[in-house]
Amino acid sequence: MFRKAKLTDGTANGQGPDAENCNVGIKKKSRVPGVMITQFIETLPEGKSHPDFTRKPIALTIQEGKFAFFKAIVTGDPQPTVTWDRNNGDVSDTSRYQTKYDPTSNEHTFEMPSVMPDQADTYKCFAKNEYGQAIVTVILNVIEVGFKMNKAQQQTTEFTDENFRTVLKRKSKIPPKSEQHEKKDGEIDPKFWELLLSADKKDYERICAEFGVTDFRWMLKELNEMKKEREEQQAQFIKDLRNLKAIQVNADGSASFEIDMDLLDPSSRIFLYKDGEMIPYTKELGDKMKHSLKQLGRKYVFSIRDLMPEDAGLYQLDVEDVNMFSTDFKIPMVDFLVKIQEVKAKEREDAVFECVLSNPFSKILWFGKNVPLEQGDKYDIEVSEDKLIHRLVVKDCIVVDKGIYSACAGIKSCNAWLVVEADKGAKKGKKAARKTTRAGGSGIDLQKVAQEQQVKLEKEREERKEQIKAAKEAAAAAPPPEAPPAPAPPTTAQAVPKTPKGPEPEIVSKPAVVSSDPPVVKEVSTGPSDEPPTAAEDSGEPEEVIGSDQPRAAAEIEPVITRGLSDHYALRGKSAELTVTMNMDRDCGWLKDGEQLNSGARINITKDGTSHKLTIKSCTDDDSGLYRFVSGEQSTQGKVTIGDVPEFDPDDLHKFSKPVIIRVGQNAAFKMPFIPQESLVVSWFKDGTEIKDGGGVKILKEPNHSRLLLRDCLRTDAGEIKIQLKNPFGVVEATSQLIVLDHPGPPEGPVDTVETTSSVIEIKWNPPKDDGGSAVTNYIIERQQTGQSLWTKLGDVLADRTSFRDRNVIHGKKYNYRIYAENPEGLSDALETADSIMAGIMILSGPPGAPKVVSASKTCINLTWTPPEDDRGVPIIGYQVEKQKKDTNEWIALNALNEPIKDVKFAVKDVMEGAEYEFRVAAINESGSGDLSPPSAMVCAKNPNMRPCFKDPEDFIVVRAGNSARVKICYEAEPPPQITWLKDDEPISPWINIINTEGMSQLVIPSSKRSDSAIYTVKAKNSVGEASFDIEVRVTDEPKTPGPVELEQTVHGKVVVSWAPSPDQELDDRLYYVVAQHDSNSRVWKTVADRLLTNTYTANNILPGIEYHFQIYAKNDMGLSDPSQSPTWGANSNRVHLSSNGPNSTDISFERPPSILVPLKVHTPPKGYQLYMTCAVRGCPTPSVSWYLNDVCINSDNNYYITNSFGVCSMYILRVRQKDSGEYKVVAVNSFGKADCSTKLVVRD
C-alpha cells in the first residue's frame, strides 16, 4: 500500500495567532526556492545576517521499515538554532525521531530509523537567531509493505482525499507471483498482452513463440481491440506517448528504460511495478536508492542500480491507474570464463580484445570509454560459430583511442585498458604508415577453452533431457488426480482470450540445421496441454533465463496429445516421418489437406502403443501440404514442405576454389553464382567466423550471386574464405583461400652460439613464424664490432640453412650479429643478438705497476705507472684508472672501457680540494679490463707549499689625470699569502681600493691626480717566505704649450732658437721638447730636434734670402702640446713695415658670435665600453666651451676627459655607466653671443 502525506497547512512556531509578542517581520527572498525568511529588524548590524538555507531537505518516498532522513545546511550570524516539526504529530519521541548536527560539514540531520506509515506527513525545519528566522517544508511518503484489506478500509475512512483513496485501492494488472493462481489449459498469461501492447511489430513473433501462441490472426485481432481500449484510457492523462525503449543494461552496470510522455496534468502520479508489485523509487537520490526515475523535459528514464539476478522481471510504468509502458527484463545466466586483458598497441596498429563466455550468447555489448560500440569502419565485432568466443578489434589505433574498454553480457561485465604508444620513428608532420600487426588478445588458447565448455554444456543438456524424460515417465505411470475445482472467472485485467477451434500451424523462426544427410523432422506440439518449444529447445541448446515464466502442462485424466506435430521440411526423394505421442492408447486418423490418408505404396501408417507414426517414402512435390492427426476430440497439425538443398554449379565451384593472391594494402574480391531460391540465406565466413558487412568489408547479395570485397588487406586477413548457402532443407558451402603477400616476419630467436674460437664464430637461428605468404628464399647476415657503429654485410645463406660461420674474426674482439629473412616481397625486420659474442676465450691482461703521484694540486693530481709485466699474449689497447676517496669503500672508474687511456700517465681533474685519494690501474685488451694494480699511496688534493712569486708584472704604468688607475699583480703561493701595498714606502691612502682574489691582487685609484704619481710596492708573505715588487705609477696629462720663442743669429748660417719653458716642466720630469721647422722653399714641417731637455736649439744651414719658421712642442707620456710659433726669420725680416691707415683704407673686422659647425650625435654604447663625443665650434674671439649633463656642468668632473683643439670639442668616457645616461649639451660663449647643441646618451645593459 502506498501512503501519501497529508498536504495540510501547518503553523510554524511563533507564527500562530496565540504567539506572544507577535511583531510583523520583514519578508525576505532566499536564493534557495521554497525557503520562507522573516527578518525581525529593519537594518541588520554590520557583519550580521538572518538565517538562510544553502541546502534544503529533499522530499522522500520510501518503503516501510527503511531508514529515512532529511538533511539541511543553514547559514547565519550568529549561528542559528535549528528545530524540526511535523504538521500532524509530535516529534519528541527520541526512539522514532533523532536530531543530529555535524560541525565538520555543517549538516543538520533529522533521522527516522525504522519509518512507519503513520509517519508520512509534511515536515518543517526552522532556523532562528535574534535577527530572523527561515522555514522550509518537506514531504515524506511511506510505501506500506503488503496490502491488508481491513487496514485499507480503515484508512479510507480516515482520509478524505478522493485521489488518495484511489491510491489505496489501485493494483497492477499483473498480479504478484504470490497471488498468481495455477493456469488452466489454454489460458494465456496476462504478461503476454502487456508486452505486446508496448512492443514493436518486429518483436511480435518472438513474444508469441515465447508464450506458445501460434494463431497470429486471432492474436492480432485481440491486440488491436486492446490497443484501442488502452489508448482511450491513456488519453485521460497524456497528450502524446512515443519513443518507447525497452530495458537494457548500460556501460556503468545499471539498467534503464525510457519513454517520452507529455502529461496533461504535471502533478499526475507515476507508479512503478515489478512483476505486479509496487516498488519504491526516488527522483532526487538516484545515487543512494536502487530504483530511480528521472525526468528530462518530456523524457522519463527509469534506472536500476547494483543489478542482481532477482532484478529480472516485468517492469511497468503507470500514470494514476493506467499502464503506459511494459518491458520484460531477462538476465541470462552467463559469466566470463576468460575476461578481456589490457592491450598495449603502437600507433596505427590493430588492437584486439577477446573473451570466452560460459554459455552461448549471440551478441554481447561492447563499450569504449562508456560509449556503445558498433560494427563499422573503426571497429570489428566478431563472434565464433559456437557463440562462446567474442572479439572486438579496434582498427588503426591512434593516441585518442586510449581508454577503458568493457564487455557486457547480461549483468556481468569486464573491462581493460587500451594503451596506445606514439610511433617515435614517424617523421614530424607526416602520418605513420599503417601497421600490419595486431596487438593484444587473451594470451591463451581460446578455442580450447570454448571446446571444453561446449563438452560441459552438452553433458548438462543430456542430463537435463534424461531428467525430463524420467519425469514424463513418472507422470504417465502415476494414477490420474482428482478433477480440480472450477477456476474463478478472470478479471478484466486478466481476461483469457478464446482458444481457437482447431490447432493452427506454428511458425518456426529458426530453420533446422541441415547437413548432407536428410534433415531430421522435428515435431512441436500445439495441443492445449503441451508446452510450446522455445527457440533454444528447438536447437538443442536450452538457455536459462531468469524472469521468464513459461506455462506448464497440467496432468489431466482425459486423453491428451503429449507430443504433437509441427512444420517440417523434407528433402525431395528422401523419406519423412511424422510422429504423435498420446498419454494413453487410443485410435486415431491422419488427414492431408482435409482428406483421409490410408497406408499405401508410399505412405505407411503405424501404431505402437501410445506412439502414432506416418511415414512418407521418397517424398515428391505432391506430398507437400497440411497434415493433421485426429484422435477423438484431440487433434494436432503441421505443414510439410518438400524441397532441395542449395547447390553450386561445378564449374563455378572449381573457379571459386582457386586461391586469391594479393599484396598487403590491396583489395581482395570473391564472387560466387548460385541458382535463385526462396528463403535462401547467404553467409560469408573467414576461418570459421562469420563476416559482417561494414568497415573494410563489403558484402553484396543478389538473387543469383553474392560478392565479398575485403579492402586494404593485412597479413591477418589471410585464411580460409567460405560462402554458405542455407535454406530450410540444408546447407551447402564452398571454400577458397585468401593469400596476402608481405615481407616475412623476423627470424625466430634467440640467436644461439654454436661455436666460438679465435678464428671462427658460428651462429644459428630459427625460421620466421610468418613467411609473408610466400616462401623465404634466403637469409642475410650483418655484423658489427662492439664499440663501433658500422654494420657490415657478411653474406647470405639459402632458406634451408639457418646457421652461419663467420671466419673473419679477431681473437678477443666482441661482435654483434643481425639476421634478415628475405622473400620475393622484401626483407623482414632484423633478429639481433641479445649479447655480444667474443671470438675465442677471454684472456685478460696482468696487473700494471702501482700508480705513482707525479704532482698534486687542489684541482689536479698527475699519475704515472708502468705497463703490466705479463700481457698474456694479447696486445694492450689502453688503461682504466679508478679512484677511491679516503674513508669510503667505493672505487669509481675515471674512464669508460670503450674510452681507454692510451698513455701510462693521466691527469686526474675530478678531485675535491682538501680530500685524500688513492688510485689503481687496470690494463684493457680486446677481452676487457684485466687485473687491477696495487693502489697508490694516499695523496691529498692541495697545492704544494711554495714561497710567493709574481708572474710577469709590469713595473711602469702611465695614467691620464682624472681617469681611474688600476694596478694588477698576479702571484703564486701556497699557503695563500698576506698582501700589503705601500706608496713610496708609506701606507696607502684610505680612498685607494685594494681588491684581493685567489692568485691576484689589484690596486685601484678611482679618479687619479698628479699627486698620485709614486712608486707603489706590493708585498706577499706566507709561512714559506716573502716577496715584493715595485711599480711606478705616473699620473699626468697632455703638456701645456711652451712659452714665447726668440731667434738670434750669433754665427753666419746658424740661428739660436730659445723659448720659455712649459708650465709642466717642473711637474713632469719625463717632459721634453720637440722642434719643427719649415722654409719658404719646401713649406713642409719637419722635425729637426727631439727629446730636448733644454730650452735652446741651434739651427744650422740657415741661408740668406729664405724665410724660416720654427715650432716648439712640449711632449710627455701622454703626447704633444700645442706648438709655440717662432717669428719669421729670413728674406723680409728687415723690411720696413708700411702703415695701412691711408686716406682710402677700410677697416676689416673678423669678429663674430659663436656658431655650431658640426653638432653632437646620438650614442647608445653598451655598459663598460669607452665613448667619444665630438662637435665643431667657431667664433671670434675664440669662445669658451662648457659641457653639461642634464643641465649640470661637468667640465671639472674627473670622470670625463674634455678637450678643445682649434674649435673641435671632444669628451671621452673611459667606461660608460648607467648613471652616465642622459642629455649632454655643449655651450659656446664669447663677447658677441652664445651657441649650443645637445644630444642623448643611452647606455645599454
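Residues numbered from 1 in each chain as written. Predicted model: local features only at pLDDT ≥ 70, side-chain atom pairs only at ≥ 80, totals over all residues. Heavy atoms only, no water.

Trainee: Any chance you could break down the packing of helix α4 (residues 204-211) against helix α5 (residues 216-234) for me, citing the residues and the numbers?
Mentor: Running from N to C, α4 and α5 cross one another at 110 degrees; their axes reach a closest spacing of 12 Å. Judged by the inter-axis angle, α4 sits roughly perpendicular to α5. Here Tyr-204, Glu-205 and Cys-208 of α4 come into contact with α5, specifically with Phe-216, Met-219, Leu-220, Leu-223 and Lys-227. Residue composition of the contact of α4 with α5, by class: six nonpolar, no polar and two charged. (Axes fitted to C-alpha atoms, helices over the stretch in contact; angles between N-to-C directions. Helix = DSSP H or I, 4+ residues; strand = E, 2+ residues; numbered from the N terminus. Parallel < 35°, antiparallel > 145°, perpendicular 65-115°, else oblique. Contact = heavy atoms within 4.5 Å. Nonpolar A, V, L, I, M, F, W, Y, C, P; charged D, E, K, R; others polar.)

Trainee: Which residues make up a negative patch on the surface, and what values do they have?
Mentor: A grouping of Asp-984, Asp-985, Glu-986 and Asp-1030 is seen on the molecular surface, where their side chains present a negatively charged patch. Topologically, Asp-1030 is positioned in strand β74 (residues 1026-1036). Of the residues examined, Asp-1030 reaches a relative accessible area of 43% and is grouped as partly exposed. (Patch = residues over 30% accessible without salt bridge, like charges linked within 9 Å, V, L, I, M, F, W, Y side chains within 5 Å. Areas by Shrake-Rupley, 256 points an atom, 1.4 Å probe, with all protein chains shown as cover. Salt bridge = Lys/Arg side-chain N within 4 Å of Asp/Glu carboxyl O. Lys, Arg positive; Asp, Glu negative; His and termini not counted. Charge placed at Lys NZ, Arg CZ, Asp CG, Glu CD. Buried < 20%, exposed > 50% of the residue type's maximum accessible area, 1.4 Å probe, protein only.)

Trainee: Give a detailed account of a positive patch on the surface, specifying residues and quantitative values.
Mentor: On the surface, Lys-655, Lys-658, Lys-671 and Arg-707 cluster together to form a positively charged patch. Position of Lys-671 among the secondary structure elements: in strand β42 (residues 668-673). The class for Lys-671 is partly exposed, based on a relative accessible area of 42%.

Trainee: Break down the sheet that holds strand β59 (residues 861-864) for me, with residues and values.
Mentor: Strand order in the open sheet formed by three strands is β58-β59-β62, with antiparallel pairing between adjacent strands. Each having just a single partner strand, β58 (852-856) and β62 (905-908) make up the two edges of the open sheet. Taking the axes of each pair of neighbouring strands and ignoring which way they run, one obtains an average angle of 20 degrees across the sheet. As defined by bridge partners, β59 adjoins β62 across four bridges and the pair is classed as antiparallel. Opposite Ile-861, over in β62, you have Val-908 as the bridge partner. (Pairing = 2+ DSSP bridges.)

Trainee: I'd like to hear about the sheet that holds strand β89 (residues 1222-1230), residue by residue, with values.
Mentor: Across the sheet, which stays open at both edges, the four strands sit in the order β86-β85-β89-β90 with antiparallel pairing between neighbours. Edge positions in the sheet fall to β86 (1192-1193) and β90 (1233-1241), since each of these pairs with one other strand and no more. Of the strand pairs in this sheet, β89 and β90 are connected by nine bridges, and their pairing is antiparallel. Across the sheet, Ala-1228 pairs through a bridge with Ala-1235, a residue of β90.

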